[in-house]
Every structure is written in C-alpha cells, then in structure tokens.
Amino acid sequence: MPRYVMIIDLNKCTGCRTCMVACAMKNGLPPGIFWTTVEWTPIAGVIQADRRSTGNYPYTPMTPVHNICNHCDNPPCVKVCPVGATYKREDGLVLIDYERCIGCRYCMSACPYGVRTFLWEDPEKTLEDAIRRTRSSNPYKAGENKMAEPDYVYGDPVEYRDKGRLVHKSVLRLKRGIVTKCTWCVERIDKGLKPVCVEVCVGRARIFGDLDDPNSEVSQILSRKNAVRRLEHLGTEPRVYYIPKTNWPKVLE
Amino acid sequence: MSHVVKMFRPKEMIFLGLLLILAVIGIVAWIYQLMQGLIVTNMRNIFPWGLYIATFAFLVGTAAGGLIVSSSIYLFNVRELKPIASLASLTAFVFVLGAMAMVIPDLGRPERILNILLYPNFSSLLVWDFIVLTAYAILSLAHVYIGWRPYAARLRQLSEDKIAELETRSFRWGRILAPISLPFAVLIHTVTAWIFAVNAGRPWWFGGFLAPSFLAAALVSGSAVVILASIAIYGFKEDLRHTYNIMMKFLATSTAVLLFLVYQDYFVRWWWGGDEGQILSILFNRLWLTTLIGEFALLFTTIIIAIKLKTSLGAVLSSVLALLGVYAHRFNLMEPSYNVLINKILLPSSESTIPVPIVLGDMKHSYWLLTFWPYTPSPIEIMITIGWLSGIMLILYVLAKLLFSRR
C-alpha cells in the first residue's frame, strides 16, 4: 500500500494561485470556496506603505502561505465525525462520504488547520448570484464570448465512488448542508495520476508521491531537505510537508 | 378537554399564548432556514458553531434540576425538597429533550439525522452525548412517573391506605433510581463538555477544565429552573418557604463555585499570555457585554440576592439573573475558540507569527480569506433560538400544570 505525501516548496512557489484555480475548475468549486489557498503574505516592517515588496528575486521579503488538507495520519476530523462520513483510507487519504454527512460541522471545530468548508447554500445558487453580480457591473454584455457554450458549467462532470461511497463529485452538482474538503483528487490517484494542483504548478513547488518508495521524488527531497509539518506538536501527523522559505533578503537575516 | 382549559387562569393563557406565538415564529424561521440553507445564519467556515450549539450546551445544563433535587432527597436525605421532586424531574425531562431538539436546526441535513443510529462512530463524543442524554431522559421520565402515581391516586380520591402504600412504593423506587440517575446526570454535562474539551486544536476548550465548569454551570441553571418552575406552579407558599431557602442556598453556592472556576481559569490564561492572552482579550474587549455584565455582574448579583433576599421576589430575581448569567457564560464558549487560530507561520524578521487564513465560505463579502470572523447571531438564528426556548417553556408549563399543579 503506497504512503502518499505532498511536499510544498515555499522557495519555488511564485504565489500565482494556479493551483487554487485549477482545483476550483476541476472540482467545480463555487465562488468563495477553495480547497487549497495561497496567500502571498508580506512581512511586517519590510513592506512599504503601498504594500509593494522590495528586494531582488528570489530574495523577496514575502512568503506564500499555503493551506490544504493535510490528510493527517491521526485525523481529529475522522475521530469526531458522529456518523463516520469522514474516513481514512489505507493509502492515507482522508475522504468525506457526501451521501452520509449530516452537516453537524463537528469536524470543522476539530480540524486545527481550517481546511474544511461547509456548503452554506446551494453551490449552484452561489455561482448564479456571482454571475449576475458580475454582469450588472460589467460593461461588456454577457454571452458575447462566442467561444463559450451558453450552458457550460465548469467542474469534472463524473462522480467517483470509493467502495460504494460517494467521495468525489463536482461541488456545483452537490446540494447545500454538507462539509467538503480537498480529496487530493482521489479519482486521479486511483488512476495513477497526480492531484491537479501538483500537475499545474508552474514552479513545481508542489510535489506528490509515495514515501514508501525510496526512489520517488518525495523520498529523495525529504532525505535531503529540512521539511516541516504544520502543528506537529498536536500529534495529528500531517502528510503535507513544507520546505520553509530560506531566500530572505539580507536585511532580514 | 374543557376542564383542561379551565385549569389555566386568563393571565396564564396570555402568557402561554405569547410563548406559542414565539414558538410558531421560531418554526417559521426554521422553515425559512431550511429553504435558504444555513447561509441565513452568521456562522461561516471559520466559525462553524454559533448560538445554536451554545444554547444546546445551556439547555443540557438546565436539565440538572432533576438530579439535584432527587439525589438530595434520596442520597443526602434532604426531605424538605420532597414536595418539588416530581416537578424537578419533569424539568429535567423536558429540558433534556429540548437540548436534543436544539441541535436539529444546527444540522445542514436534518433529514439524515438517523445516520447517528444507523452508522454510529463510537469514537465521536457526539454519539456518546446522544446516548447519555437519551438515558437521562428515560431516567427522568421514570422519576416523573413514580412521583406522579401517588399524586394521581390522591386526585382520584382513593383511600388513605392506598395513597400511603403508593407513597411508600414511590419513595422506595426513588431510592433505587437515584443512585443510577446520579452518574447519568453528571455524565450528560461531562460528555457535553468533552465534545468541546477533546479538541487540542482549540486552546479555549482543550483540557480538563471544561467538564467541571460545565457541571458547576449546570448546578446553577438547573437549580434556578427548579425554583422558577416551582414558583410558577405552586407559588411562594409559607409551607414551601424552607424548600425555597434550601434551593436558594444551593443556587448561591453553586454560582460562587462557577465564578471561582471561571476566574481562576482566566487568571492562568492571562498570566501566560500568547494565544491564551488573546482569548482573554477577546473575552474582555469584544465580548465585554457577556463577560463583564452577563457572566460577572449578573452571577455576582445572583449570589448576593439569593443569600440576602429570601422572599418570592428574591427567589424569582436571583433565578432569572442566574439563568441569564449562565446563558452569557455559554455564549462565550464559541468566539474565543474560533477566533484564536493556532495554525500559524513564523516570520523570520520579528519572531512574530501570523495565523494561516481560512476560506470564509460565501460570496456576500468582498473578503473571503480571513483569520477573524466577528460573529454575532443573525436575526434568523435569534428567532429560531427564542422559538425553541419558548416552545420548551410552553411544553414544560402545560405538562407541569396538568400533572403536578395541586399538591
């Protein structure tokens, strides 16, 4: 059984947020919901008033702050779920059975990383509202883009079941009242592919692989570089490793 | 049916009518929430539990009355509480069911609630809370029944011998049940506290402090509910004066214990500072109304009134203030927990840390990635909560009147 881990190299991340957008496109996330986030965070004291940073690349005084489900080995969300809708697979993925979740949000209270997101209203409605708002403020008429299909909706249209449990479906096709989160693209992993955010990363800052295979890229990197995991003292045993930014401008050192 | 209606005086009818209207408003608000989704609340991803769960914790506490009274009678031999024992068990029964009902509007998919029975995950304390609450409801119902038997016999004007026999039997059963229900009564508060206290990711909740403080808060609100219910049903009669005195003494003592527990905890957190200090700053700045006025001032006044003013006014006033104070205390359960994020990154320049922001979960606001959510309950949340509380009071009042109105 493989032991999947993800490495996020903050020295390589440019903060372009392609991973966020690709994830939203593939998983059909409505506006306002992201399963992974990247915030390009300035460091106090070095930033000028107009929030523009100084310094020569790659020695910048800003750091990208990523957030993504850690697929913990000791996941509090799995322990607290009263109905067992959240569960951990043998290869390490923490998944949610969308058909069993009762929407009590205990898992969101338990998760110290804040990666879970609840569907507070029907995702389809959120999208419609957002489109309506954009149209009213946009001088260009909607539908002018002749390339787009009029009823095109983004998001992977195929749903995926893991041993009969619905663990992947375009969120735009889900109804409100359940909790969703990053699945590490379970349907791609089961086909031998990598998660979408890893595939699209322009700087190859996100690396995904099997830690049990000593020749895999993740094993090689983790044996060479210092990597940290978030909130290790809690004992959640996260599977996402961060390589902290080391390229700081000279003034910071 | 008409004799049932005749039991209520016109003033009572107005009061019950008002409760009914509020309950109906609450149900209408819930239907609106079911149609729109939980977007109509002010809870968001960063703040997933709000007024509903705070009220749930409060209602579990108010169910403590049955325990206090019946265990005092049968285990500590405080005979003076016997006249209000059945009523106290009835408050426990109604409030424990009310607490369970309070969780329903909080669920995103209430129609799937049976999944808790179909696929229970026994490592989740929510499941264990469901189990102990159900057990406590059954035990309270048993207490109500054994207390009601001799009462009903007297109403039907059975012979004195028969009534005396039923009363002995009722006492015997009470003494058998009390040692069983006492651990369950302690457990409902402990397990409810554990729902929160097991989360190491939330410094405001985590640890062994929460369960004792829940128990103290339950003793305060439980005794206050019993005092109010007894005054509403039996009045502040001369032959009950001693009973009320004992209950008010109990109320004052447990309020003092609660305040002590809460403030010794504040001191420890304030001394350490850091995240713990941030909790204190949220409590005393953003939540000053519930912390200083609600929790401290009201509970402190409760102690003074319950000790000094041993009249019907004093009993009502101290109980109402105690309930408001404990409710404010319960409201404080949420915010310092969610708005202190421990997932942080260390910045090299200043040794300072910044929290990793969380996706808000809606598009109503221009910002969507944030570390702090200024939660105040939305009008719908308030309407549903008031509706549920009114419904519980209505059911309790009518049941108490029907079952135990004459002694």
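Shown above is the structure to which this text applies.
Here we summarise the structure given alongside this text. (Residues numbered from 1 in each chain as written. Chains lettered and ligands numbered in written order. Predicted model: local features only at pLDDT ≥ 70, side-chain atom pairs only at ≥ 80, totals over all residues. Heavy atoms only, no water.)

## Quick word on the overall build of chain B
Broken down by element type, chain B carries 15 helices and four strands. Scaling as 2.2 N^0.38, a compact globule of 407 residues should have a C-alpha radius of gyration of about 22 Å, and chain B matches this with 23 Å. Of all 407 residues assigned to chain B, the portion counted as buried reaches 56%. Within chain B, contacts between residues at least 6 apart in sequence are counted, and of these 79% link residues at least 24 apart. On chain B, roughly 17300 Å² of surface is accessible, and the fraction owed to carbon and sulfur atoms is 72%. Both charge centroids of chain B, one from 29 positive and one from 19 negative side chains, sit 9 Å from each other. (Helix = DSSP H or I, 4+ residues; strand = E, 2+ residues; numbered from the N terminus. Rg over C-alpha atoms; globule rule 2.2 N^0.38 Å. Buried < 20%, exposed > 50% of the residue type's maximum accessible area, 1.4 Å probe, protein only. Contact = heavy atoms within 4.5 Å. Areas by Shrake-Rupley, 256 points an atom, 1.4 Å probe, with all protein chains shown as cover. Lys, Arg positive; Asp, Glu negative; His and termini not counted. Charge placed at Lys NZ, Arg CZ, Asp CG, Glu CD.)

## Here we look at the pattern of salt bridges
According to the stated counting rule, one finds 29 salt bridges over all chains in the structure shown. With a shortest N-O distance of 2.6 Å, Arg44 of chain B and Asp362 of chain B are connected by a salt bridge. Of this pair, Arg44 of chain B sits in the loop between helix H2 (10-36) and helix H3 (51-62) while Asp362 of chain B sits in the loop between strand S3 (358-359) and strand S4 (369-370); the two residues are 318 residues apart in sequence, bridging distant segments of the chain. Side by side, Arg44 of chain B and Asp362 of chain B carry an identical accessibility label, which is buried. Here the salt bridges share partners, and the residues they tie into one network are Arg89, Asp91, Asp162 and Asp190 of chain A. (Salt bridge = Lys/Arg side-chain N within 4 Å of Asp/Glu carboxyl O.)

## Comments concerning unusual backbone geometry
The backbone phi angle of Arg204 of chain A is positive, close to 50°, even though this residue is not glycine. Of note, Arg204 of chain A is situated in the loop between helix H6 (196-200) and strand S10 (206-210). For Arg204 of chain A, a relative accessible area of 66% corresponds to the exposed category. With a phi angle near 60°, Asn77 of chain B is a residue other than glycine that sits in the positive phi range. Structurally, Asn77 of chain B is set in the loop between helix H4 (65-76) and helix H5 (85-103).

## A look at the interface of chain B and chain A
On the side of chain A, 54 residues touch chain B, which itself brings 55 residues to the contact. Note on chain B versus chain A: buried area summed over both sides is about 4400 Å², and carbon and sulfur give 59% of it. Counting the surface chain B buries against chain A, the share from its top three residues, Arg109, Asn343 and Met363 of chain B, is 13%. For the pair chain B and chain A, the number of links is one salt bridge. Viewed at the interface, chain A and chain B are joined by 29 residue pairs in polar contact (both at pLDDT 80 or more). Of all the secondary-structure elements, those providing two or more residues to the side of chain B that touches chain A are H2, helix H6 (115-118), helix H7 (125-155), helix H8 (160-197), strand S1 (344-346) and S3 of chain B. Taken together, the residues of the side of chain B that touches chain A sort by class into 34 nonpolar, 14 polar and seven charged. (Buried area = accessible area lost by both parts, 1.4 Å probe. Polar contact = N/O pair within 3.5 Å; in protein donor to acceptor, adjacent residues only side chain to side chain. Nonpolar A, V, L, I, M, F, W, Y, C, P; charged D, E, K, R; others polar.)

## Quick word on the pairing of strand S3 (residues 62-67) of chain A
Residue and element names in this part refer to chain A. Taking burial as the measure, the six residues of S3 include six buried ones, the bulk of the element. Burial along S3 is two-sided: the residues Met62, Pro64 and His66 and Thr63, Val65 and Asn67 are all buried. Where strand S2 (residues 37-42) meets S3, six bridges bridge the pair, whose relative direction is antiparallel. Across the sheet, the residue bridging to Val38 is His66, located in S3. (Pairing = 2+ DSSP bridges.)

## A look at the nonpolar core
If you look at the biggest cluster of nonpolar residues, it comprises 184 residues, and the most contacted ones within it are Trp184 of chain A together with Phe196 and Met334 of chain B. No other element matches the 15 residues that helix H9 (residues 210-234) of chain B contributes to this core. Not counting the four nearest positions on each side in its chain, Met334 of chain B is found in contact with Phe47, Trp49, Gly50, Ile53, Ala54, Phe196 and Trp205 of chain B. Listed in part, the eight residues of the second largest apolar core include Ile7, Ile207, Leu211 and Ile243 of chain A. (Core = buried A, V, L, I, M, F, W, Y, C linked by side-chain atoms within 4.5 Å.)

## Let's talk about a positive patch on the surface
Taken together, the side chains of Lys12, Lys194, Arg204 and Arg224 of chain A define a basic patch exposed on the protein surface. With respect to the secondary-structure elements, Arg224 of chain A resides in helix H7 (residues 217-224). (Patch = residues over 30% accessible without salt bridge, like charges linked within 9 Å, V, L, I, M, F, W, Y side chains within 5 Å.)

## Topic: the sheet that holds strand S1 (residues 4-9) of chain A
All names here are of chain A. In spatial order, the strands read S10-S1-S11; together these three strands make up an open sheet with mixed pairing. Single-partner strands in this sheet number two, and they are S10 and strand S11 (240-243). For this sheet, the mean angle separating the axes of adjacent strands, direction not counted, is 20°. Note that S1 and S10 share five bridges and pair antiparallel. Along S10, the bridge assignment pairs Ile8 with Arg206. Sheet strands touched by H7: S1, S10 and S11. Its angle to S10, the strand with the most contacts, is close to 110°. (Axes fitted to C-alpha atoms, helices over the stretch in contact; angles between N-to-C directions.)

Spatial relationships are all this shows, so hold off on functional conclusions.
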